[in-house]
Structure formats: structure tokens, C-alpha cells
Amino acid sequence: DFFFFFIYEGEAVASRATPENPEPSQFLHQAGDYFGELALLRNEPRAASVTSTTDVKLFMMDSATFKRLMGPAEGFLQQQVARYS
């Protein structure tokens, strides 16, 4: 099952390597940021690994809850995909 995460407190780094770029690109997530939405929106495995760099507190939603609560925001979330480029 896929999950959506919202960082309530702390920091984490998402790392992603691709065949075209084996050196992982990194994206810092801080309080107020979220991750995991791509796997839920696309119904496919995660594209990145996320590791905490400090103590973190997270809110987590399973896919059914995500679709029920975030469904109206799906268009916005799709537009935000560019932030990972």
C-alpha cells in the first residue's frame, strides 16, 4: 500500500537516482512539506527514498484516506510535480 506523508516537525531528505543520472539528486523537506503524493496520484512505486536528518513528527495517510480527503486538491498536487525536477 502507498502512503502520503506530511512533515509536522523536523527535516528529511528525499534522494532519487535515475539511469540517466546515477548520482542521486536530493530534495530537502522541512516542516510543512509533504511527500508520497506521486505514488498515490500515479498508482506506482515510489520514485525516491526519504531519510530523516533530524527527529521528525509526521502525519501519514493511507491511499483510501488520501483520495477521500485530498481528491479535490488532486489538480493542485499534479501541478506541484514540477518541484521534483
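This text follows the structure it describes.
These numbers were taken from a predicted model, which means no experiment stands behind them. (Residues numbered from 1 in each chain as written. Predicted model: local features only at pLDDT ≥ 70, side-chain atom pairs only at ≥ 80, totals over all residues. Heavy atoms only, no water.)

A. Broad picture of helix α2 (residues 63-70). Burial in α2 covers these residues: Ser-63, Thr-65 and Phe-66. Seen from one end, α2 has its buried residues packed into an arc of 160°, which puts them on one side. Against the buried residues of α2 lie β1 (3-9), α1 (37-42), β6 (57-62) and α3 (74-79). (Buried < 20%, exposed > 50% of the residue type's maximum accessible area, 1.4 Å probe, protein only. Helix = DSSP H or I, 4+ residues; strand = E, 2+ residues; numbered from the N terminus. Arc of directions from axis to C-beta. Contact = heavy atoms within 4.5 Å.)

B. Structural view of the pairing of strand β2 (residues 11-16). As paired strands, β2 and strand β3 (residues 25-30) are joined by 6 bridges and run antiparallel to one another. For Ala-12, the partnering residue across the bridge sits in β3 and is His-29. Bridge count for β2 against strand β5 (residues 49-52) is 4 bridges, and the pairing is antiparallel. Within β5, the residue paired with Ala-14 across the bridge is Val-50. (Pairing = 2+ DSSP bridges.)

C. A look at the sheet that holds β3. Strand order across the open sheet formed by 3 strands is β3-β2-β5, with antiparallel pairing between neighbours. Unpaired on one side and paired on the other, β3 and β5 mark the two borders of the sheet. The sheet shows a mean angle of 25° between the axes of neighbouring strands, direction not considered. (Axes fitted to C-alpha atoms, helices over the stretch in contact; angles between N-to-C directions.)

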